[in-house]
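Coordinate analysis (summary)
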Amino acid sequence: MASQDDSGDGEVEPDSDLRNFGETVKAFRKRAELTQEQVADVVRYSVQYVGSVEQGRRHPSAKFVSRAEEALDAFGVIRIAARQLQRRRGLASWFRRWAELEDIAVALNTYECRSIPGLLQTEAYARAQIDNVPPLAAPGEVEARIAARTERQKLLHRTPYIAFNFIIEQSVIERQTGGVEVTRELIDHLLECAKLPNVDIQIMPTIQPLHAGTDGPFQLLETEDNEWLGYSEGQKTGHVISDPKAISVLHQRYAKLRIQALNPADSVGLLMRLRGSL
């Protein structure tokens, strides 16, 4: 009997990652000289499910991946393709290129005035943030987003170290997204991250008459080839910036922000006071 769809997701608009995974499954199915109907019978999923996966319209469940790998004798390729897919699942399409660049970064500078940067979020904070923004995500998508952020956070501990600097508005913490307990845990986590030898966290005071970041949040990244790139993000959109003149402007602004924000030691002191006031 065909299995029910236990992936937690229905059909979605195809993207390049899902299409590539689907093409991989299709290639091994044809190599085995099997029809979709025959594969569906072996992996115990419906023909429609198999077809949707091959077309890149459905995220494959873990059971499907395991059964397809075995049934198609895929030398581990389907499992590897699924792991690659999972690493990117949960990332907004407009953010994926930047996430790829993070993987080859030697330095990353972030100014954020809306929320705690994803690299520094706790699971509880991430859940609260996702729950706050309509439309509500399906349970499977919530878990995928959190898993993607958790995977990205491994960059903080990767060696050779990436040099991180985060400038975060004090008001973002004082908003208490998710409530008091979530905020306590978040501040404790920020304090732990601030102890890492490659991480500097600077808090921008709520009252700061001189402020170079009024145009909004942005990031600057240096690649392993010592090329600098920028990133800005708005509602349902994101943009990787490569123009040298635009990068120069962002560097000037970030340099000012680092001077205007509290230094790392004073920022830790402020975080401890905020923690004590909760």
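Described in the following lines is the structure provided in the data block. (Residues numbered from 1 in each chain as written. Predicted model: local features only at pLDDT ≥ 70, side-chain atom pairs only at ≥ 80, totals over all residues. Heavy atoms only, no water.)

Examining the packing of aromatic side chains
We describe a pair of aromatic rings using the distance from one ring centre to the other and the angle between the two ring planes. Here is the rule we go by: Stacked, edge-to-face and tilted labels apply to pairs of Phe, Tyr and Trp rings (six-membered ring for Trp) whose centres lie within 6.5 Å, assigned for plane angles under 30 degrees, over 60, and everything in between, in that order. Burial here depends on accessible area, computed with a 1.4 Å probe over protein chains only, as a share of the maximum for the residue type. Under 20% is buried, over 50% is exposed, and the range in between is partly exposed.
One pass over the full model with this rule turns up nine aromatic pairs. Between tyrosine 45 and tyrosine 49, the ring centres sit 4.4 Å apart and the planes meet at 40°, which makes this aromatic pair tilted. Of the two residues examined, tyrosine 45 and tyrosine 49, each falls in the buried class. Between tyrosine 111 and phenylalanine 218 the ring centres are 6.3 Å apart and the planes differ by 55°, which places this aromatic pair in the tilted class.

Quick notes on the sheet that holds strand S3 (residues 199-204)
Across a sheet, paired strands are connected by hydrogen bonds in the backbone, their directions being either parallel or antiparallel. Our working definition: Here, a strand pair is defined by DSSP locating no fewer than two bridges between the strands. Under the scheme used here, helices are H or I runs from DSSP no shorter than 4 residues and strands are E runs no shorter than 2 residues, and both carry numbers assigned from the N terminus. Helix axes are fitted to C-alpha atoms over the stretch in contact, other axes to C-alpha atoms as well, and angles between N-to-C directions run from 0 to 180 degrees. The contact definition used throughout considers only heavy atoms, calling two residues in contact when any of these lie within 4.5 Å.
As summarised here, the arrangement of the six strands in space is S3-S2-S1-S4-S5-S6, forming an open sheet in which the pairing is mixed. Bordering the open sheet on either side are S3 and strand S6 (237-241), each of which pairs with just one other strand. Direction aside, neighbouring strands of the sheet carry axes that sit 15° apart on average. Both strand S2 (residues 163-169) and S3 contribute to a ladder of six bridges, which runs parallel. Considered in S3, the bridge of phenylalanine 164 is made with valine 199. Contacts from helix H11 (residues 244-260) reach strand S1 (105-112), S2, S3, strand S4 (218-223), strand S5 (228-234) and S6, with the element oriented near 110° to S4.

Considerations on the side chain of threonine 177
Here threonine 177 is to be found in the loop between helix H9 (170-174) and helix H10 (180-194). Aside from chain neighbours lying at most four places away, what touches threonine 177 is Tyr125, Ala128, Gln129, Asn132, Val182 and Thr183.

Notes on the pattern of salt bridges
The test is simple: Within this document, salt bridges are pairs made up of a side-chain nitrogen of Lys or Arg and a carboxyl oxygen of Asp or Glu, the two lying within 4 Å of each other.
Taken as a whole, this structure holds 13 salt bridges when the rule is applied. Among the ionic pairs, glutamate 141 bridges to arginine 145, the shortest N-O distance being 3.3 Å. One end of the pair is glutamate 141 and the other is arginine 145, both in helix H8 (residues 139-152) and four residues apart, which spans about a single turn. Of the residues examined, glutamate 141 reaches a relative accessible area of 24% and is grouped as partly exposed. The residue lysine 154 makes a salt bridge to glutamate 151 at a minimum N-O spacing of 3.2 Å. When its relative accessible area of 31% is taken as the criterion, glutamate 151 is described as partly exposed. Put simply, Glu112, Arg114 and Glu233 are held in one network by salt bridges that share partners.

From the geometry alone we can't say anything about function, so treat these as descriptive.
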